[in-house]
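Each chain, letter by letter, is given below.
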Amino acid sequence: MSPYVRAWAYVAIVASLLLGASIWGDGGVPPAVLPYLVVLFPLHVGLTAVFFKCRACGTSVFAHRPGMFGPFTPWPHRHCRKCGNDNHAG
Ligand SMILES: [Zn+2]
């Protein structure tokens, strides 16, 4: 399975957790999602940097710009932002 597909599977799991939390958690109050985002986003950045990376150069598929402190997006990029490698190939 390509890093791109695995990254999307991860996004689907996180999104369903957030959706579930907002529907069934705390009586469905939307602000209840906020603590999850505060906890999940740093986890997201850390986990994605380790598990979902470009096979050519090791950059996270969620990195919007190359570099240790570049911004990360909640969705994966099919083409590596650093070297242009197709993360869906193979
Ligand atoms: Zn790359």
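Reading the values: rules and limits
Residues numbered from 1 in each chain as written. Predicted model: local features only at pLDDT ≥ 70, side-chain atom pairs only at ≥ 80, totals over all residues. Helix = DSSP H or I, 4+ residues; strand = E, 2+ residues; numbered from the N terminus. Buried ≥ 20, exposed ≤ 12 C-beta atoms within 10 Å, placed from the backbone. Contact = placed C-beta atoms within 7 Å. Core = buried A, V, L, I, M, F, W, Y, C linked by C-beta atoms within 7 Å.

As recorded in an unreviewed UniProt entry, the protein goes by DUF983 domain-containing protein and comes from Sphingomonas colocasiae.

A.B. asks: Where do I start with the overall build of the protein in this structure?
C.D. replies: Helix and strand counts for the protein stand at two helices and zero strands. Relative to its full complement of 90 residues, the protein shows a buried share of 17%. If you take every contact in the protein between residues at least 6 apart in sequence, the share linking residues at least 24 apart comes to 47%.

A.B. asks: What is the right way to read the environment of Pro-66 from this model?
C.D. replies: Along the chain, the position of Pro-66 falls in the segment after helix H2 (33–51). Under the C-beta neighbour-count criterion, Pro-66 is labelled partly exposed, with 14 such atoms within 10 Å. For the pair Pro-66 and Cys-83, spaced 17 residues apart in sequence, the C-alpha to C-alpha distance is 9.0 Å. Sequence-distant contacts of Pro-66, that is, excluding residues within four places in its chain, are made with Thr-59, Arg-81 and Lys-82.

A.B. asks: Help me understand the nonpolar core in this model?
C.D. replies: Across soluble globular proteins, nonpolar side chains show a tendency to be buried alongside one another. Judged by nonpolar contacts, Tyr-4, Ala-7, Phe-52, Cys-54, Val-61, Phe-62, Ala-63 and Cys-80 together constitute the single largest core of eight residues. Other than its neighbours up to four places away in sequence, Cys-80 contacts Cys-54, Ala-56, Cys-57, Thr-59, Asn-85 and Asn-87.

A.B. asks: In this structure, what is going on with the environment of Gly-84? I would like to understand it.
C.D. replies: In this fold, Gly-84 is placed in the segment after H2. Considering only alpha carbons, one finds Gly-84 and Cys-54, 30 residues apart in sequence, at a separation of 9.3 Å.

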